[in-house]
Amino acid sequence: MTGQAIIVAAIISAAVIYLGRRWYRALAGKSTGCGCSECPSKHSSPKKSHS
Amino acid sequence: MHKTVAVIGNPNVGKTTLFNALTGLSNSTGNYPGVTVDRKVGAMRVNGATIDLVDLPGTYSLAARSPDEMIVVDVLLGQQAGEQPIDAILAVVDATNLERNLYLVSQLREFNKPLVIALNMCDLADKREIKIDTETLSKELGAEVVRICARSRAGIDELRGAIAEVAESASTNGIHGPSYPEELTREVAALETELGARRDKIGRAVPKQEAFRLLLDRDGYIEKRLARGYPEVTQLVEAYRNRVAHNGSLAAIEAKSRYTWIRKIVAAGVRKPATRTRTTSDKIDGVLTHKLGGTVVFILIMAVVFQAIFSWAGPLMDLIDASIGSFGDWIGGRLPEGMLQSLVVDGIIGGVGGVLVFLPQIVILMLFISLLEDCGYMARAAFLMDKLLSRCGLSGQSFIPMLSSFACAIPGIMATRTIGNRRDRITTILVAPLMSCSARLPVYTLLISTFIPAKTVLGFLNLQGIVLFAMYSAGILVAIPVAWILKKTLLKGDTPPFLLELPTYKVPQWGVVLRKVYGQGKEFVVRAGTIIFAVAVVVWALAYFPHADSITQKFDAERAQIEQSGVQGDELAAALQDVDNAESSAHLRNSYFGRIGIAIEPAVGPLGWDWRIGMAAIASFPAREVIIATLGTIFSLGGDVDEESESLKETLHTVQRADGGRLFNIPVALSIMVFFALCCQCAATLAVIKRETNSYAWPAFTFAYMTTIAYIASMLVYQITIRLGWGNIA
């Protein structure tokens, strides 16, 4: 494997891991994954049960 | 230990502006009721001590009918999970409308907490010649009353001192509140005792103030919540209610008691002019809330916004585009030829750079939305829309979340927490993603500026601006029948009446406006640098590999043949360029991306798309603006970018179908835009719908119905416009 191929493989792996983690977190409700700085969802946790 | 003070007030009394002034935190403020949906905490420093301020959702009353109103009650009762019990209350009231604001204060008095009252908008009260005797008010209310103007920061230091003093002293100055009929007081005490006896069944103690609200608020949030764990509570409370309200409604008994108390206080401490003068706000409202005049002004304002997006952003976009192009050339020249150069230039710079070009348009759109919000116009727009929304079973209350969705569906969906009626709330959540968010803007403007002529129509309107306006309207026009159908079928039910307070018009605060614009611009750049960057890399990989050697060898042989044929000069360069393009195209068709794309081509064919557009649309389901990055990458890798194509826009004009015809024309561009206007291509939005509805069914339904409508509408637009001959317009 050439040096170029190693760098390219590393960048692609990092991108795939980043996207996978982001979507997993969004679906698991840990964050919305929108990355919005002003978005209220970034600062709030899922609603708690009041009962 | 830090003291904690809850900041409470009616919607739109300047609570968030005051919170920012006291804590120095950057929170957004809006001019329509209900903007503060979430809990915000900030530290206020005074005399070397730190006091935590909790900014609670705006509410007119503690008769909780929605989740955010319930949070206010829970914080006051010290039973909100994750929240410290509060030491004092800071009530923010509008000095120009004391009667209405004191209703909430009368309820706060009953929580036995030290209270400070910030008399906001005193400057406006002075202008209207309303004289308020703060000393008398303070005595009558049993609370510290401080005159302030949150916008100009007048009185803020004095207020800080008062908060610190009251929080430290923990004095309630005795109970100064309304008097109720004896039978009500008696039944509340009896209910509290009975609920205490059933504590084990209920699962927790019910404090007196909660028992009081439970008895008064028929079908209220407290009752519904208790009934979830202990269904018998409804029957139990109803028996108590019947004993109290045999002579009238409970709400009327409460209102009468409170307003008797309020009138006494206002009579003692407030002097108003004999006749109410018609204010400037009243005069402006005469036009802006007029059925016909208001609608005309609304359409004109929107038209100006969309015209400005095209007219003002152009030069800056060209500059960014040229800078990104030069940067790509510079980087490309320094990297050795091969897959790394292709990844950086075609994938990353071609993809991310293509999206960043649209930053000026996002900034202009957000600037207008923030200005209109901050000056108070948006509440008028909600008022105008109430009639329209009531026809499809919703109310003006749904307009505010829908309006927020024009910036981003996520805060819009979260703003539905202010809607008390569950069916209305879910309906609004389901149609909110149909509003054109800022992520759709780059898709619209790329295709409009490329294919729609910049002609002037009706003497002053730009055709491109009109098409953009039509795309934004498409979401609203589809949302209306969708909401109507939902309210007649899955979410059938009555809609409670909508009460909206129209705030006084104000000169926008540039600090607040610019902060919002900065936040949105930053988000766009951050998304380009994170999600879009990552997707561009993945798309590039799928479109580059397996990069078969057999294809490379075949075209190397062709190149050798041309070079040996004796052709020279420009002719040779052109022939070699054709071979390069053919090779890129062959690699792309053979890539993983190409193979999937060719398999799905029959499905997207009726929309006028080829497999490349189909794949770009599919790649955009996680985040819609990815389509630009994907098209940039596909056409770079496919050899469609020639030396004259300085930008993606120019490439779109020249790119060809397999049969040699032009891939893009007006019907194709319209079909793509309509698809993007109506399709739910945002994973984050679906995740928030799941969270807010606590169900996987609603996001699945949203995705299914929006994608189906988008496909059908897009196909209709293409098939109709192609038959009208628009495909031949150059």
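Residues numbered from 1 in each chain as written. Chains lettered and ligands numbered in written order. Predicted model: local features only at pLDDT ≥ 70, side-chain atom pairs only at ≥ 80, totals over all residues. Heavy atoms only, no water.

Asks: Looking at this model, I keep getting lost on the overall build of chain A. Mind explaining?
Replies: Assigned secondary structure in chain A consists of one helix and zero strands. Of all 51 residues assigned to chain A, the portion counted as buried reaches 33%. Carbon and sulfur atoms form 65% of the exposed surface of chain A, whose accessible area is close to 3,000 Å². (Helix = DSSP H or I, 4+ residues; strand = E, 2+ residues; numbered from the N terminus. Buried < 20%, exposed > 50% of the residue type's maximum accessible area, 1.4 Å probe, protein only. Areas by Shrake-Rupley, 256 points an atom, 1.4 Å probe, with all protein chains shown as cover.)

Asks: What am I meant to see in the overall build of chain B here?
Replies: On a plain count of helices and strands, chain B comes out with 33 helices and ten strands. Evaluated residue by residue, chain B yields a buried proportion of 56% over its 730 residues. Excluding contacts between residues fewer than 6 apart, the proportion of contacts in chain B whose partners are at least 24 apart in sequence is 74%. Approximately 30,400 Å² of chain B is accessible, and the part contributed by carbon and sulfur atoms is 58%. (Contact = heavy atoms within 4.5 Å.)

Asks: I would appreciate a short explanation of the pairing of strand S2 (residues 40-46) of chain B in the present structure.
Replies: Side-chain positions along a regular strand alternate between the two faces of the sheet. All names here are of chain B. Covered by surrounding structure in S2 are Lys 40, Gly 42, Met 44 and Val 46 only, the residues Val 41, Ala 43 and Arg 45 on the alternate face being uncovered. One ladder, built from seven bridges, connects S2 with strand S3 (residues 49-55); its direction is antiparallel. In the strand pairing of S3, Arg 45 is matched with Thr 50. Turn length for the S2-S3 hairpin, with the two strands adjacent in sequence and antiparallel, is two residues, and the turn residue Asn 47 shows positive phi of about 50°. (Pairing = 2+ DSSP bridges.)

Asks: Sorry, what's going on with the packing of aromatic side chains here?
Replies: Two aromatic rings, taken as a pair, are described by how far apart their centres are and by the angle between their planes. Residues and elements named next belong to chain B. Counted under the stated rule, the structure contains 16 aromatic pairs over all chains. Between the aromatic rings of Phe 327 and Trp 330, the centroid separation amounts to 6.5 Å while the plane-to-plane angle is 20°, which identifies the pairing as stacked. You can see Phe 327 and its partner Trp 330 sitting in helix H14 (residues 291-334), three residues apart, about one turn around the helix. On the basis of an interplanar angle of 80° and a centroid distance of 5.1 Å, the ring pair of Tyr 544 and Phe 545 is categorised as edge-to-face. Pairwise contacts between aromatic rings join Phe 406, Tyr 444 and Tyr 472 into one cluster. (Phe/Tyr/Trp six-rings, centres within 6.5 Å; stacked < 30°, edge-to-face > 60°.)

Asks: Just to check I follow, could you spell out the confidence of the model for chain A for this structure?
Replies: Caution applies to low-pLDDT parts of the model: their predicted coordinates are not meant to be read in detail. Mean pLDDT over chain A stands at 67; residues scoring 70 or higher make up 49%. Here residues 32-51 of chain A is a poorly scored stretch, pLDDT under 50, and it has 54 contacts once near neighbours within four places are set aside; other chains count. (pLDDT = per-residue confidence, 0-100.)

Asks: I tried to follow the packing of helix H16 (residues 359-375) of chain B against helix H23 (residues 510-529) of chain B on my own but got confused; where do I start?
Replies: Residues and elements named next belong to chain B. Where H16 meets H23, the axes come as close as 9 Å, and the angle between the chain directions of the two elements is 145°. In the packing of H16 onto H23, the handedness of the crossing is right-handed. Along the contact surface, H16 presents Leu 359, Ile 362, Val 363, Met 366, Leu 367, Ser 370, Leu 371, Glu 373 and Asp 374, while H23 presents Trp 510, Val 512, Val 513, Lys 516, Val 517, Gln 520, Gly 521, Phe 524 and Val 525. Looking at the contact of H16 with H23 residue by residue, the classes come out as twelve nonpolar, three polar and three charged. (Axes fitted to C-alpha atoms, helices over the stretch in contact; angles between N-to-C directions. Left-handed = near helix turned anticlockwise from the far one by under 90°. Nonpolar A, V, L, I, M, F, W, Y, C, P; charged D, E, K, R; others polar.)

Asks: Could you clarify how one ought to interpret the environment of B:Glu223 in this entry?
Replies: Residue and element names in this part refer to chain B. Relative to the elements of secondary structure, Glu 223 occurs in helix H10 (residues 221-229). Taking the relative accessible area as the measure of exposure, Glu 223 reaches 6% and is therefore buried. In this structure, the C-alpha to C-alpha distance between Glu 223 and Val 233, residues ten residues apart in sequence, is 7.5 Å. Among the polar contacts listed, one links the side chain of Glu 223 to the side chain of Arg 241, at a separation of 2.7 Å. (Polar contact = N/O pair within 3.5 Å; in protein donor to acceptor, adjacent residues only side chain to side chain.)

Asks: Help me understand the environment of B:Leu340 in this model?
Replies: Mapping B:Leu340 onto the fold places it in helix H15 (residues 339-356). B:Leu340 sits in the buried class, given a relative accessible area of 11%. If sequence neighbours within four positions are ignored, B:Leu340 has contacts with A:Gln4, A:Ile7, A:Val8, A:Ile11 and B:Leu335.

Asks: Looking at this structure, I do not really get the sheet that holds strand S5 (residues 115-120) of chain B. What am I missing?
Replies: Either a parallel or an antiparallel arrangement is found when strands of a sheet pair, and the pairing is made through backbone hydrogen bonds. All names here are of chain B. Overall, mixed pairing links the six strands, which are arranged S2-S3-S1-S4-S5-S7 in an open sheet. Of all strands in the sheet, those bounded by a partner on one side alone are S2 and strand S7 (144-147). Between one strand axis and the next, the sheet turns through 25° on average, direction left out of account. Here S5 pairs with S7 via four bridges, running parallel. By the bridge assignment for S7, Ala 118 is matched with Val 146.

Asks: How should I be thinking about a positive patch on the surface in this particular structure?
Replies: On the surface, a cluster of positive charge is made up of B:Arg65, B:Lys224, B:Arg422 and B:Arg423. By secondary structure assignment, the location of B:Lys224 is in helix H10. (Patch = residues over 30% accessible without salt bridge, like charges linked within 9 Å, V, L, I, M, F, W, Y side chains within 5 Å. Salt bridge = Lys/Arg side-chain N within 4 Å of Asp/Glu carboxyl O. Lys, Arg positive; Asp, Glu negative; His and termini not counted. Charge placed at Lys NZ, Arg CZ, Asp CG, Glu CD.)

Asks: I tried to follow empty space enclosed by the protein on my own but got confused; where do I start?
Replies: In this approach the atoms are scanned with a rolling probe the size of a water molecule, which exposes any empty space left behind. All names here are of chain B. Under the criterion given, the structure shown has five cavities of 30 Å³ or more. Here the largest cavity is characterised by a volume of approximately 200 Å³. Elements with a contribution of two residues or more to the lining of the largest cavity: helix H19 (409-414), H23 and helix H32 (683-693). Here the lining of the largest cavity gets four residues from one element, more than from any other, and that element is H23. (1 Å grid on protein atoms, 1.4 Å probe; cavity = no way out; pocket = protein on both sides within 12 Å on 5 of 7 lines; lining within 4 Å. Points joined across faces, edges and corners; volume = space filled by probe spheres on them.)

Asks: How should a nonpolar patch on the surface be read in this particular structure?
Replies: On the surface, a cluster of nonpolar side chains totalling about 560 Å² of accessible area is made up of B:Ile712, B:Leu716, B:Ile720, B:Leu724, B:Trp726 and B:Ile729. Structurally, the position occupied by B:Ile729 is in the segment after helix H33 (697-723).

Asks: Explanation requested: the packing of helix H5 (residues 134-141) of chain B against helix H12 (residues 250-269) of chain B in the structure shown.
Replies: Residues and elements named next belong to chain B. The contact between H5 and H12 brings their axes to 8 Å, and the two run at 150°. Between H5 and H12, the crossing angle belongs to the class labelled roughly antiparallel. Here H5 runs over H12; the crossing is right-handed. Residues Thr 136, Leu 137, Glu 140 and Leu 141 of H5 form the contact with H12, whose participating residues are Trp 261, Lys 264, Ile 265, Ala 268 and Gly 269. (Parallel < 35°, antiparallel > 145°, perpendicular 65-115°, else oblique.)

Asks: Sorry, what's going on with the side chain of B:Arg128 here?
Replies: All names here are of chain B. Checked against the element boundaries, Arg 128 lands in the loop between helix H4 (122-127) and strand S6 (131-132). Among buried charged residues, Arg 128 stands out as having no salt bridge; its nearest opposite-charge side chain is Asp 94, 6.6 Å away. Among residues more than four places away in sequence, those in contact with Arg 128 are Thr 96, Pro 273, Thr 279 and Thr 504.

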